[in-house]
Amino acid sequence: MKPFESKDYKAFSMFEKRWALVTAGTPEDFNTCTVSWGSMGNMWGLVGNDLSTVTVYIHPARYTQEFMAKYDTFTVSFLPESQRKALGYLGSHSGRDEDKVANSGLTPVAAGDGVTFKEADLTFVCKKLYEHQFDEAHLADNVKEYYAANPSMYTQVGKDRWEPHYMYIGEVVEAIEG
């Protein structure tokens, strides 16, 4: 058993209540975004030897999605409540337009082949196993209504309507507690 598997990470509430930073790229070339949608679990292994996974959902309008598509490693970092303002800033500004990490006051540091932040109290370093954009035809009507009701949030520049998120499943290769 890997050591992080025996910890209680409150998998059903961590993303919604604490938010997280999803960061893709290398220390020289990365971007991060704040997320509140995600899950933790296990899959794709023999009984008793499943892979521990983190699943995150990134909208194609987010600059971070380009880095998620480009790189095989991503991190999911949880920060203490004292960093809520930085999380809000990173969730409402684009790395396309500014050095939002520097402007947030957080300190990027290497984590395996990826990037986390000195201020994080928990980071999962993940190896990408799967990526796929949700297919609108297979979304429930209430989910389609959710996207349609928030067009400014879910429409990319240059597109004429909303698009659904990408799902990324990553194998947890390391858990770093800060």
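Only a predicted model underlies this, so the values are computations on that prediction, with no experimental measurement involved.

Rules behind the numbers
- Residues numbered from 1 in each chain as written.
- Predicted model: local features only at pLDDT ≥ 70, side-chain atom pairs only at ≥ 80, totals over all residues.
- Heavy atoms only, no water.
- 1 Å grid on protein atoms, 1.4 Å probe; cavity = no way out; pocket = protein on both sides within 12 Å on 5 of 7 lines; lining within 4 Å.
- Points joined across faces, edges and corners; volume = space filled by probe spheres on them.
- Helix = DSSP H or I, 4+ residues; strand = E, 2+ residues; numbered from the N terminus.
- Nonpolar A, V, L, I, M, F, W, Y, C, P; charged D, E, K, R; others polar.
- Phe/Tyr/Trp six-rings, centres within 6.5 Å; stacked < 30°, edge-to-face > 60°.
- Buried < 20%, exposed > 50% of the residue type's maximum accessible area, 1.4 Å probe, protein only.
- UniProt positions renumbered as here; feature names shortened; annotations may be inferred.
- Patch = residues over 30% accessible without salt bridge, like charges linked within 9 Å, V, L, I, M, F, W, Y side chains within 5 Å.
- Areas by Shrake-Rupley, 256 points an atom, 1.4 Å probe, with all protein chains shown as cover.
- Salt bridge = Lys/Arg side-chain N within 4 Å of Asp/Glu carboxyl O.
- Pairing = 2+ DSSP bridges.

A. Structural detail: the layout of surface pockets. Looking at the largest pocket, its volume works out to about 670 Å³. Along its surface, the largest pocket is lined by 29 residues, and Thr 34, His 59, Arg 62, Gly 91 and Met 153 are the ones closest to its centre. Mapped by element, the contributors of at least two residues to the lining of the largest pocket are β2 (29-35), β4 (51-58), α2 (63-70), α3 (84-92) and α6 (151-154). The leading source of residues in the lining of the largest pocket is β2, at 4 residues. Class assignment of the residues belonging to the lining of the largest pocket gives a composition of 12 nonpolar, 13 polar and 4 charged.

B. Broad picture of the packing of aromatic side chains. Scanning the entire structure with this criterion turns up 11 aromatic pairs. Residues Tyr 63 and Phe 67 carry aromatic rings whose centres are separated by 5.0 Å and whose planes lie at 85° to one another, so their mutual orientation is edge-to-face. You can see Tyr 63 and its partner Phe 67 sitting in helix α2, 4 residues apart, about one turn around the helix. What makes Tyr 63 partly exposed here is its relative accessible area of 23%. With a relative accessible area of 7%, Phe 67 lands in the buried category. Note on Tyr 146 and Tyr 154: the rings are 5.6 Å apart at their centroids and 50° apart in plane angle, and the pair reads as tilted. Accessibility expressed as a relative area gives 33% for Tyr 146, which makes it partly exposed.

C. Structural detail: the UniProt feature "domain: Flavin reductase like" (unreviewed entry) in the protein. Mapped onto the present numbering, the UniProt feature "domain: Flavin reductase like" (unreviewed entry) falls on residues 17-174. Here residues 17-174 is 23% helix and 40% strand, with 23 Å between the C-alpha atoms at its ends.

D. Up close: a nonpolar patch on the surface. A contiguous nonpolar surface patch, about 290 Å² in accessible area, is contributed by Trp 37, Tyr 146 and Met 153. Tracing the backbone through its elements, the reader meets Tyr 146 in helix α5 (residues 141-149).

E. Region of interest: the pairing of β4. By the criterion of burial, β4 is predominantly enclosed, with 7 of the 8 residues buried. Note that strand β3 (residues 38-43) and β4 share 6 bridges and pair antiparallel. Looking at β4, one finds that Met 40 is bridged to Val 54. Here 6 bridges tie β4 to strand β9 (residues 166-177), and the two strands are oriented antiparallel to one another. Residue pairing in the sheet places Tyr 57 in a bridge with Met 167 of β9.

F. View of the pattern of salt bridges. Under the definition given, this model contains 6 salt bridges. Of the charged contacts in the structure, one is a salt bridge between Asp 121 and Arg 18, with a shortest N-O distance of 2.7 Å. Within this pair, whereas Asp 121 is found in the loop between β7 (114-117) and β8 (122-133), its partner Arg 18 is found in helix α1 (residues 14-18), the two being separated by 103 residues in sequence. Its relative accessible area of 29% is what places Arg 18 among the partly exposed residues. Of the charged contacts, one joins Asp 29 and Lys 70 as a salt bridge, the two residues approaching to 3.2 Å between their closest N and O atoms. Remark: Lys 70 occurs in helix α2 and Asp 29 occurs in strand β2; sequence separation between them is 41 residues. Among the residues examined, Lys 70 registers a relative accessible area of 56% and is labelled exposed.

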